[in-house]
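Working through the structure, step by step
These are the residues of each chain, in order.
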Amino acid sequence: MLIVYFCQVTISFMKQKPCYILGIESSCDDTAAAILNHNKVLSNCISNQKIHMQYGGVVPELASRAHQLNIIPVVDQALKKANITQNQLSAIAYTQGPGLLGSLLVGNSFAKSMAMGLNIPLIGVNHMQAHILVHFINEKKSLIPGFPFIGVNVSGGHTQILIVRNYFDMEIIGTTIDDAIGEAFDKCGKKMGLDYPSGPIIDKLSKTGNPKKFLFPVPKVKGLDVSYSGCKTAFVNFIEKEKYKNSKFINENINDLCSSIQSTLIKIITQKIEMAVQKTGINCVAIGGGVSANSKIRDFLNEKRKISGWKIHIPSIEYTTDNAAMIGIAGYYNWKNKNFSDFSSVANSRMSF
Ligand code: KG4
Ligand code: ZN
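The notes below deal with the structure included here. (Residues numbered from 1 in each chain as written. Chains lettered and ligands numbered in written order. Predicted model: local features only at pLDDT ≥ 70, side-chain atom pairs only at ≥ 80, totals over all residues. Heavy atoms only, no water.)

**So, the site of ligand 1**
Around ligand 1, the structure places 19 residues, and the nearest of them are Gly156, Asp186, Asp203, Gly290 and Asp322. Against a free-state accessible area of 560 Å², the protein chains account for coverage of 89% of ligand 1. The class makeup of the residues in the shell around ligand 1 is 5 nonpolar, 11 polar and 3 charged. Each of domain 1 (18-134 + 321-336) and domain 2 (144-315) gives at least three residues to the shell around ligand 1. (Near = heavy atom within 4 Å. Areas by Shrake-Rupley, 256 points an atom, 1.4 Å probe, with all protein chains shown as cover. Nonpolar A, V, L, I, M, F, W, Y, C, P; charged D, E, K, R; others polar. Domains from an automatic or database assignment.)

**Description of the coordination of the zinc ion (ligand 2)**
Binding of the zinc ion (ligand 2) to the protein goes through His127 (NE2), His131 (NE2) and Asp322 (OD), at separations of 2.0 to 2.1 Å. One chain supplies every donor to the zinc ion (ligand 2), and in sequence these donors are spaced H-x3-H-x190-D. Of this pair, His131 sits in helix H4 (residues 127-133) while Asp322 sits in the loop between strand S10 (311-313) and helix H10 (325-336); the two residues are 191 residues apart in sequence, bridging distant segments of the chain. One exposure class covers both His131 and Asp322, and it is buried. (Donors = N, O, S within 2.8 Å, 3.2 Å for Na, K, Ca; no water. Helix = DSSP H or I, 4+ residues; strand = E, 2+ residues; numbered from the N terminus. Buried < 20%, exposed > 50% of the residue type's maximum accessible area, 1.4 Å probe, protein only.)

**Thoughts on helix H7 (residues 229-245)**
A turn of α-helix holds 3.6 residues, and therefore any two residues three or four places apart point the same way. Taking 1.5 Å per residue as the helical rise, H7 with its 17 residues ought to reach 24 Å, and the 25 Å between its terminal C-alpha atoms agrees with that figure. All buried positions along H7 are accounted for by Cys231, Lys232, Phe235, Phe238, Ile239 and Glu242. For H7, the angular spread of the buried residues around the axis is 125°, confining them to a single face. Residues of H7 that are exposed and point more than 90 degrees away from the buried face comprise Lys241 and Tyr244. The inward-facing, buried residues of H7 contact helix H5 (181-191) and helix H8 (249-280). (Expected span 1.5 Å × (residues − 1). Arc of directions from axis to C-beta. Contact = heavy atoms within 4.5 Å.)

Here it is as structure tokens:
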């Protein structure tokens, strides 16, 4: 009896023992830091780099310089918000790749030095896996996706359809053969004179536009792969032609243009998500990445939940675009598995699963 009581006390003590993970994200143009206690987010801080707006896209050299300026204040802010000190940290997780090499190097060298100084484990995280693992933050067991599920990564650099068998067992079953979906949103936006990143602006302007006013091609690509460059080029050529006839064409049609191109870009991926569900027989779908903030892709998935009974997992807006909480949650599951990185590990701009 006494032994049972002793075990129960030990188990509950172990359960409550804090595990503080610092997550650091620096793969592109956002410097971000978060503190998690197990799977709970205590702080999630981000410093967006506005400097790229004037160039209409991310300038890699400027991004790495800005990361160097931002990383210490952002980590400091995350610790303060979480109300802990660096000495309480259990491990440091950082984005090892994929991403811009100069940007990744800043996170890599900072995380390594800090983990070495504090004598705690270092965990290199795959950015794309982290976009999917965001669904395991904070949530009750009934709300998280059950394995296996279909993961869909839609971001500025990637477009992937995956079978997710476990936290770290993810198989890419479809991907873009050229541009990423977010890149297509941003380039079409640039052609219309919209600020970078244009995805959220196109989404907003689309709300009062007609999605059928202008028709753009949906490419025929084999299997679960997608292509975005043909549709983007058709859009750019169309704008050039119409502007030649009427210099005010963009201004006079901005809402219909946004709505029409958005509808096409989203259709390209949603028809492949439908195909993935059919092919695999898995009807649980979880999306991630910046474009998962898009209202049209969210409407499509919610409709599938209602009409076809799919189980759908859509992240809250703060966890769609790049953030450090997603690196922290991936770090937490690595920490549980004692899956630590060597201090000689390097940033990997083309890191795969
Ligand atoms: O995941 P993310 O922050 O960075 C990468 O890992 O690439 O994704 C950024 C991308 C940008 O291309 C941005 O235009 C797009 O996500 N995005 C959107 C929306 N919000 C962000 N695209 C369409 N609709 C949105 N609401
Ligand atoms: Zn991302």
